Amino acid sequence: MATAAVARPAAKPQPRARDEEVLVWPDLVFIEFIAAMVFTLALFLLSFLMNAPLLDQANADVTPNPSKAPWYLLNLQELLLHMNAALAGVIVPTIWLVIMGAFPYFDRDNDGQGVWFGTENSIKLSIIGGLVGIVGTWFLILWDSGKLAFFLNDWFGFSGGDTFRFLENVRSIQTQLPWPEWSREITYSPWNIVIIGEDFQNLDFPGWLVEQGIPTGVMVAFPSLLIFALWRAGMIFTRRDAVIVLFSGFVGAYLVLTVVGTAFRGQGQELVFPWQLKVSEGIPGQH
Amino acid sequence: MAVETPAKPSLADRLYDKMFHNYLWKSIFRTGYPNTPRNQMLIVATNVFLHLHPTRLHRTHVKVTHTYCLGGLSFFMFLGLTVTGILLMFYYVPSVERAYLDMQNIETTVQFGQLMRNMHRWMAHAMVILVFMHMMRVFYTGAYKPPREFNWVIGVILLVLTFLLSFTGYLLPWDQLAFWAITVGTNIAGAAPVLGPKSRFWLLGGFEVGPNALIRFYTLHVIGLPLLAAIFMAVHFWRIRRDGGLARPL
Ligand code: HEM
């Protein structure tokens, strides 16, 4: 029936198993109805108990401190504190969405399809990936906010002195190392290339390193190393296994970034405990 | 020999008959409650609201623990947001002069206005969470594998659309929370290399969050993005059917 013009489909729809089927009415419709009712009631209840926030009228002259994006973007706002704005706000999320969209084109084996954690090791790999994502992200945030150096000093009496000051956080690699003057302005192009107001000719290497080089390196190297290590340890066999680790790591990191951005960032985006978090409503004319 | 006379129908039966077998009722509902398998399949196939479903499905998929209804609930939130959103539209004018006052009026003078606003707000949060969890369930059940690759891609697009819907709605109350959250959010977008400042300007209709931004966000929020999301959802659901229902082991 198919004509020559029709490309071969990537995969045929799965054949039905008619003797295994049940009726949608009532079996499924009933469950959907219950789920919808439970959610309707719960949301009504929540709406009676808690009002949507409404602060003072918008005023461009009064900046609250901290100013925060909606909570589901606070992961990006958190990332923004640690690296170049374009990288954190646009490039990383875009690349991640593309990687995630490409999952099915990378992992095309039908093994373990259609059941929860259908392949061997998948639960273990999910837990490891998730935990490494959570712990690793917390570690990096603590390091870059200088808290790690603070704890080492405060709790263990260990202070690196001036020798290790450059390791206090990412930025101090730029500010505390004796970079030669030329490295702050490396000419890589004979002309000044201007693309819509941005020019490209000189490179401030230390600045580039802490804002783009190291963060990119960390985001690429950490997951790759984890997958490599688990492969060497004999836990990762298939592409599905690798994708599980990657996705679980993402969920863990995403969770931590969102929670930290929401509950642990106080005035001036300082890292504080949630119970110390205060919002100043802002003083007119002061940004 | 006594002749059996049929028993007189009880009052309840007669009432039932009057209510559900009259001309008007039958013009709306052509059949009664479907209590045979044949009629149950027919009603799913012929009812406009139910026909998104197949008439029968694999028995593993009706287990709540397979999907936790997360995709269905995401869709349900979308419907609920449409209903409460339309109700809010009756009272809300997207102008800098009126927006905030309208919000106050909705909360204080409009009957059930506060309730409508709360429902809309909490449902929006719920939808973001539910869509994310739905994605996790699809991932951990390996349901993106062939032939469902492209439906996963459509899902990723729906995830982005859900974020955008929520984000554009965030500005509309025109209070300090809204204003500064959108300022921060659009600054993030403005940081994009090369195209950033332009796209920020295009999104806000200016260099700062102001009247132009409000009307743009409003239009995107109430018609542009919902329309797009509805189209992608239609394709999402259609593909589920075309791919042979939900994923199950081969
Ligand atoms: C507005 C957002 C969305 C809506 C309303 C929605 C709705 C649904 C519904 C009702 C189902 C049927 C099964 C179920 O309930 O789990 C489904 C299945 C599916 N969804 Fe979504 N979805 C959305 C977003 C997503 C996202 C973000 C992804 C992934 C990135 C995704 C990927 C899929 C796939 C691959 C299936 C087939 C699952 C299977 O065969 O078991 N969807 N979706």
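These numbers come from a predicted model, not from an experiment.

Moving on: the overall build of chain B. A tally of helices and strands in chain B yields 11 helices and 1 strand. Mapped in sequence order, the helices and strands of chain B form the string α-α-α-β-α-α-α-α-α-α-α-α. Over its C-alpha atoms, taken along the principal directions, chain B stretches across nearly 100 × 55 × 25 Å. Here the contacts in chain B between residues at least 6 apart in sequence split such that 65% fall between residues at least 24 apart. Each charge sign in chain B was given a centre, from 22 positive and 10 negative side chains, and these centres are 12 Å apart.

On to the packing of helix H10 (residues 196-204) of chain B against helix H11 (residues 211-242) of chain B, then. Geometrically, a packed helix pair is captured by the angle between its two axes and the distance between the axes. All names here are of chain B. At their nearest, the axes of H10 and H11 sit 7 Å apart, and the two run at 80 degrees to each other. Classified by the interaxial angle, the pair formed by H10 and H11 is roughly perpendicular. Counted together, Phe201, Trp202, Leu203 and Leu204 of H10 and Asn212, Ala213, Arg216, Phe217 and Leu220 of H11 form the full contact between these two elements.

So, about the environment of Ala263 of chain A. Residue and element names in this part refer to chain A. Examined against the element boundaries, Ala263 turns out to sit in helix H8 (residues 239-263). The spacing of Ala263 and Gln276 is 13 residues in sequence and 9.6 Å in space, taken between C-alpha atoms. Excluding anything up to four places from it in sequence, Ala263 contacts Val272, Phe273, Pro274 and Leu277.

If you check which residues of helix H3 (residues 37-46) of chain B are buried, you get Gln40, Ile43 and Val44 of chain B. One side of H3 of chain B holds all its buried residues, which, seen down the axis, span an arc of 95 degrees. In H3 of chain B, the exposed positions that point more than 90 degrees away from the buried face belong to Arg38 and Thr46 of chain B. Buried positions along H3 of chain B lie against strand E1 (21-23) and helix H1 (24-49) of chain A.

Moving on to the coordination of the iron atom of the ligand. Residue and element names in this part refer to chain B. The iron atom of the ligand binds to the protein through His134 (NE2) and His236 (NE2), with metal-donor distances spanning 2.0 to 2.1 Å. Classification of the site at the iron atom of the ligand rests on its 6 donor atoms, whose angles at the metal span 86 to 180 degrees, yielding the label octahedral. Here His134 is found in helix H7 (residues 113-140), whereas its partner His236 is found in helix H11, with 102 residues between them in sequence. Assigned by exposure class, His134 and His236 land together as buried.

Enumeration according to the criterion identifies 8 salt bridges over all chains in this entry. Taking the shortest distance from any N to any O, the salt bridge between Asp102 of chain B and Arg98 of chain B comes out at 3.2 Å. Residue classification places Asp102 of chain B among the buried positions, given a relative accessible area of 3%. A single network of salt bridges, built from pairs that share partners, joins Arg16 and Glu21 of chain A together with Arg56 of chain B.

Here we come to the interface of chain A and chain B. Contacts between the two partners involve 89 residues from chain A and, on the opposite side, 88 residues from chain B. Both faces combined, the contact of chain A with chain B buries some 8,300 Å², and carbon together with sulfur accounts for 70% of it. At the boundary of chain A and chain B, one finds 3 salt bridges. Run the count over chain A and chain B and you get 39 residue pairs in polar contact (both at pLDDT 80 or more).

So, about the packing of H7 of chain B against helix H8 (residues 149-171) of chain B. Residue and element names in this part refer to chain B. It is at 10 Å that the axes of H7 and H8 come closest, and there the two elements cross at 160 degrees. On the basis of the axis angle, H7 is roughly antiparallel to H8. In this structure, the crossing between H7 and H8 has a hand that is left-handed. Only Trp152, Leu159, Thr162, Phe163, Ser166 and Tyr170 of H8 make contact with H7, whose side of the interface consists of Arg121, Met127, Val128, Val131, Met135, Val138 and Phe139. Grouping the amino acids of the contact of H7 with H8 by side-chain chemistry returns 10 nonpolar, 2 polar and 1 charged.

Rules of the game
Per chain, the residues get numbers from 1 upward, laid out in the order the sequence is written. Both sets of labels track the order of writing: A upward for chains, 1 upward for ligands. Since the coordinates come from a predicted model, pLDDT governs what is reported: local features require at least 70, and pairs of side-chain atoms require 80 or more to be given and counted, while whole-chain, interface and lining totals use all residues. Hydrogens and water are ignored here; the side-chain numbers use all heavy atoms of the structure. Secondary structure is summarised from DSSP: a helix means a run of H or I of at least four residues, a strand means a run of E of at least two, and numbering begins at the N terminus for each. What makes two residues a contact is simply this: any of their non-hydrogen atoms within 4.5 Å. The sign given to each residue is positive for Lys and Arg and negative for Asp and Glu; His and the chain ends receive no count. Note that the charge is assigned to NZ on lysines, CZ on arginines, CG on aspartates and CD on glutamates. In this analysis an axis means a line fitted to C-alpha atoms, helices contributing only their contacting stretch, and an angle means the value between N-to-C directions, from 0 to 180 degrees. We call two directions roughly parallel when the angle between them is under 35 degrees, roughly antiparallel when it is over 145, roughly perpendicular when it lies between 65 and 115, and oblique otherwise. Only protein chains enter the accessibility calculation, which uses a 1.4 Å probe; a residue whose area is less than 20% of its type maximum is buried, one above 50% is exposed, and one in between is partly exposed. What the arc covers is the set of directions going from the helix axis to the C-beta atoms. Water is not among the atoms examined, so metal sites may look incomplete; donors are the N, O and S atoms within 2.8 Å of the metal, or within 3.2 Å for Na, K and Ca. Angular criteria define each label, namely tetrahedral for four donors with all angles between 85 and 135 degrees, square planar for four and octahedral for six donors with opposite donors over 155 degrees apart and remaining angles between 65 and 115, and irregular for whatever fails these tests. One side-chain nitrogen of Lys or Arg within 4 Å of one carboxyl oxygen of Asp or Glu is enough to make a salt bridge. Buried area is a sum: the accessible area each of two parts loses on coming together, probed at 1.4 Å, counted once for each and added. Under the rule applied, a polar contact is a pair of N or O atoms within 3.5 Å (in protein, one hydrogen donor and one hydrogen acceptor; residues adjacent in sequence only if both atoms are side-chain atoms). Each crossing gets its handedness from the near helix: less than a right angle anticlockwise from the far helix is left-handed, clockwise is right-handed. Side-chain classes are defined by residue name, with Ala, Val, Leu, Ile, Met, Phe, Trp, Tyr, Cys and Pro counting as nonpolar, Asp, Glu, Lys and Arg as charged, and the others, Gly among them, as polar.

As far as function goes, none of this settles anything; it's purely spatial.
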